[in-house]
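The lines below spell out each chain.
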Amino acid sequence: MTQVTIREAVMQDIPQLKTLMLAYIVDFYQYRQPEDEKLNGLIHQLLEQKEGIQFVAETEEGTLVGFATLYFTFSTLRASKIAIMNDLFVIEAERGQGAAAKLFAACKGYAARNGYANLTWTTAKDNFRAQAFYDKMGGDRSDWQTYSVNPTSGIGD
């Protein structure tokens, strides 16, 4: 079993973090590869820690094997700030060995230490492994249904 340390991402992580993020986006979720400048911009924005933060799981040898991303927003119902865990990813070879639990704990702890009223996340309906993991971590399944739409201009103007 590989021992991993969880820490906040730093500038020196960008090459490995970018590789992990591409594995998550393209290989795991089978989305199209984002433009290089957009992905770089997102990583840099998260490193500023104003709108979000990333945590990485690092082996003793300095290899990144996973990451988690929090975005910061607000809840009208709670009249407070909340954190959204948009991503939690561990490479296949390291799954089931504790890295995901440590990344999740880092996100939960960060939210608690920084006064967030809630930590929320979603996962794909068919990602049963992730659902079982989140159930084990004490997550409560929401009564809310998630929707999304691609923005368009000119409608309703």
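Residues numbered from 1 in each chain as written. Predicted model: local features only at pLDDT ≥ 70, side-chain atom pairs only at ≥ 80, totals over all residues. Heavy atoms only, no water.

Q: Would you mind showing me how to read the sheet that holds strand β4 (residues 80–90) here?
A: By definition, the strands of a sheet pair up through backbone hydrogen bonds, in either a parallel or an antiparallel sense. An order of β1-β2-β3-β4-β5 is seen for the five strands of this open sheet, with the pairing classed as mixed. Single-partner strands in this sheet number two, and they are β1 (4–8) and β5 (119–121). Taking the axes of each pair of neighbouring strands and ignoring which way they run, one obtains an average angle of 25 degrees across the sheet. Pairing analysis gives five bridges linking β1 to strand β2 (residues 52–59), with the strands arranged antiparallel. Within β2, the position partnered with isoleucine 6 by the bridge is alanine 57. Lying on the sheet, helix α3 (residues 99–113) is in contact with β1, β2, β3 (64–75), β4 and β5; it crosses β4 at an angle near 165 degrees. (Pairing = 2+ DSSP bridges. Helix = DSSP H or I, 4+ residues; strand = E, 2+ residues; numbered from the N terminus. Axes fitted to C-alpha atoms, helices over the stretch in contact; angles between N-to-C directions. Contact = heavy atoms within 4.5 Å.)

Q: Help me out: how do you make sense of the pattern of salt bridges in this one?
A: Note on pairing: side chains with opposite charge can pair once their charged atoms come close. Throughout the structure, instances matching the rule amount to five salt bridges. One salt bridge connects arginine 95 with glutamate 92, and the closest N-O pair in it is separated by 2.6 Å. (Salt bridge = Lys/Arg side-chain N within 4 Å of Asp/Glu carboxyl O.)

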